[in-house]
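# Coordinate inspection notes
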Amino acid sequence: NVFIPVVWRLLLACGVILKSLYEPDIGAMRDLMRLHKKGASFLLFPEGIESKDGTTHPLHPATAKLIKKLAMDTVLCTNRGAYLCDPRFDTNRRKCRLEYHYELLFRKEDVEKMTKEELYSRLLEKFRYNDFAWNSEKQYRYKGKVPLAHGLDNMLFICPRCKKQFELHVEEDRLKCICGSEVCIDDRYNVVTCDKSDFPFRRIDEWNRWQRGIIEEETKREDFTLADDVTY
């Protein structure tokens with residue numbers, strides 16, 4: 001966004017502090033502390049990246065260290081439904097309800113008394129969201145120019161039935177595999193079997209978490225094999 005013409009001027013005018021991604025940035029911290037001394041308030045995005053599957057990403061422990069250093073009243077804002085309106089697996093946006101929740105997480109006096117470990121534990125406890133689980137209860141309907149399944153094969157790539165990878169493809173509101181497995185994504189983001197047969201998942205995040213586990217196991221096996229081949 002910083003490199004988009006005109007946008008970067010607006011960002012700087014709004015007081016945005018630029019930070020390098022995925023690495024410590026001394027310049028950003030220097031700017032932040034300079035403004036802190038002037039009594040400024042700050043809006044932090046502790047995950048540092050847009051959610052891939054509508055669920056919480058890992059939070060770096062340095063976030064708690066920063067909260068401790070700033071020693072300010074800290075308000076937690078979490079939203080529900082934003083990912084479902086603008087999913088990362090597709091460029092088309094959907095329309096529906098958004099909910100924002102605000103909570104006083106720490107008072108200044110609490111921050112001064114608590115250790116960084118206690119702050120981090122509290123942050124992990126409270127900073128949690130899962131848009132698919134949330135709407136599984138709410139059952140809000142989402143509308144867009146394309147079916148909700150559109151682009152889903154950019155994220156889901158392992159068939160739970162045949163276990164083959166990269167054989168899934170989207171047709172309208174359906175996600176199909178070459179093995180014949182077929183599911184529908186309804187207007188509430190529910191995973192529904194088209195033939196009423198059993199399917200291991202009812203939510204997209206459950207499916208994605210399962211396939212991520214498979215990839216992690218394969219990676220571990222590959223790393224173990226490579227280690228066996230090393231001569232010391």
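Everything here concerns the structure above.
Right, let's walk through the structure included here. Bear in mind the structure is a predicted one, so any value in this text is a computation, not a measurement.

## Section: empty space enclosed by the protein
Scanning the model with the defined rule gives one cavity of 30 Å³ or more in all. There is about 40 Å³ of room inside the largest cavity. What lines the largest cavity is simply Phe 132, Asn 135, Ser 136, Arg 188, Tyr 189, Asn 190, Arg 202 and Arg 203. A per-class count over the lining of the largest cavity returns two nonpolar, three polar and three charged.

## Some words on the pattern of salt bridges
Scanning all chains against the criterion turns up 14 salt bridges. Two residues, Asp 187 and Arg 141, come together in a salt bridge whose shortest N-O distance is 2.6 Å. With a gap of 46 residues between them, Asp 187 in the loop between β7 (182-185) and β8 (191-193) and Arg 141 in the loop between α7 (131-138) and β4 (143-144) connect regions that are remote in the sequence. Exposure remark for Asp 187: the relative accessible area of 27% places this residue in the partly exposed category. Residue Asp 205 is joined to Arg 203 by a salt bridge in which the shortest nitrogen-to-oxygen separation is 2.9 Å. For the pair shown, Asp 205 and Arg 203 are each scored as buried. Salt bridges here are not isolated pairs; linked through shared partners, they connect Arg 203, Asp 205, Glu 206 and Arg 209.

## A short note on the sheet that holds strand β6 (residues 174-177)
Across the sheet, four strands lie side by side as β5-β6-β7-β8; this open sheet has antiparallel pairing. Each end of this open sheet is capped by a strand with a single partner; those strands are β5 (168-171) and β8. Neighbour to neighbour, the strand axes of the sheet diverge by 30 degrees on average, direction disregarded. Here β5 pairs with β6 via four bridges, running antiparallel. Bridge assignment links Val 170 to a residue of β6, and that residue is Leu 175.

## Overview of the side chain of Thr 55
Looking at where Thr 55 falls in the secondary structure, it is placed in the loop between α2 (26-37) and α3 (62-70). Setting aside chain neighbours within four positions, we find Thr 55 in contact with Glu 47, Tyr 129, Asn 130 and Asp 205.

## A few points about the side chain of Asp 131
As for its placement among the helices and strands, Asp 131 is situated in helix α7. Despite being buried, Asp 131 has no salt bridge partner; Arg 80 is the closest side chain of opposite charge, sitting 5.5 Å away. The residues contacting Asp 131, other than those within four sequence positions of it, are Gly 54, Asn 79, Arg 80, Gly 81, Ala 82, Tyr 83 and Leu 84.

Calculation criteria
- One numbering rule holds for all chains: residues counted from 1, following each sequence as written.
- In view of the model being predicted, local features appear only for residues whose pLDDT reaches at least 70, and side-chain atom pairs are presented and counted only at 80 or more, with totals across whole chains, interfaces and linings using the full set of residues.
- Excluded from the side-chain calculation are hydrogens and water; included are all heavy atoms of the structure.
- We place a 1 Å grid over just the protein atoms. Points where a 1.4 Å probe fits but has no way out form a cavity, open points with protein on both sides within 12 Å along at least 5 of 7 lines form a pocket, and any residue with an atom within 4 Å of a point lines it.
- Grid points are joined across faces, edges and corners, and a volume is the space filled by probe spheres set on the points.
- All residues other than Ala, Val, Leu, Ile, Met, Phe, Trp, Tyr, Cys, Pro, Asp, Glu, Lys and Arg, Gly among them, are scored as polar; the first ten of these are nonpolar and the last four charged.
- Take a side-chain nitrogen of Lys or Arg and a carboxyl oxygen of Asp or Glu: if they are within 4 Å of each other, that pair is a salt bridge.
- Each helix is a run of DSSP H or I of at least 4 residues and each strand a run of E of at least 2, with the numbering of both proceeding from the N terminus.
- For each residue, the accessible area found with a 1.4 Å probe, counting protein chains only, is set against the maximum for its type, and the residue is called buried under 20%, exposed over 50%, and partly exposed in between.
- When DSSP finds two or more bridges between a pair of strands, those strands are recorded as paired.
- For helices, the fitted axis covers only the stretch in contact; all axes are lines through C-alpha atoms, and the angles between them, taken along N-to-C directions, range from 0 to 180 degrees.
- Two residues form a contact once any of their heavy atoms are found within 4.5 Å.
- Charge counting follows a simple rule: Lys and Arg are positive, Asp and Glu are negative, and His as well as the terminal groups are ignored.

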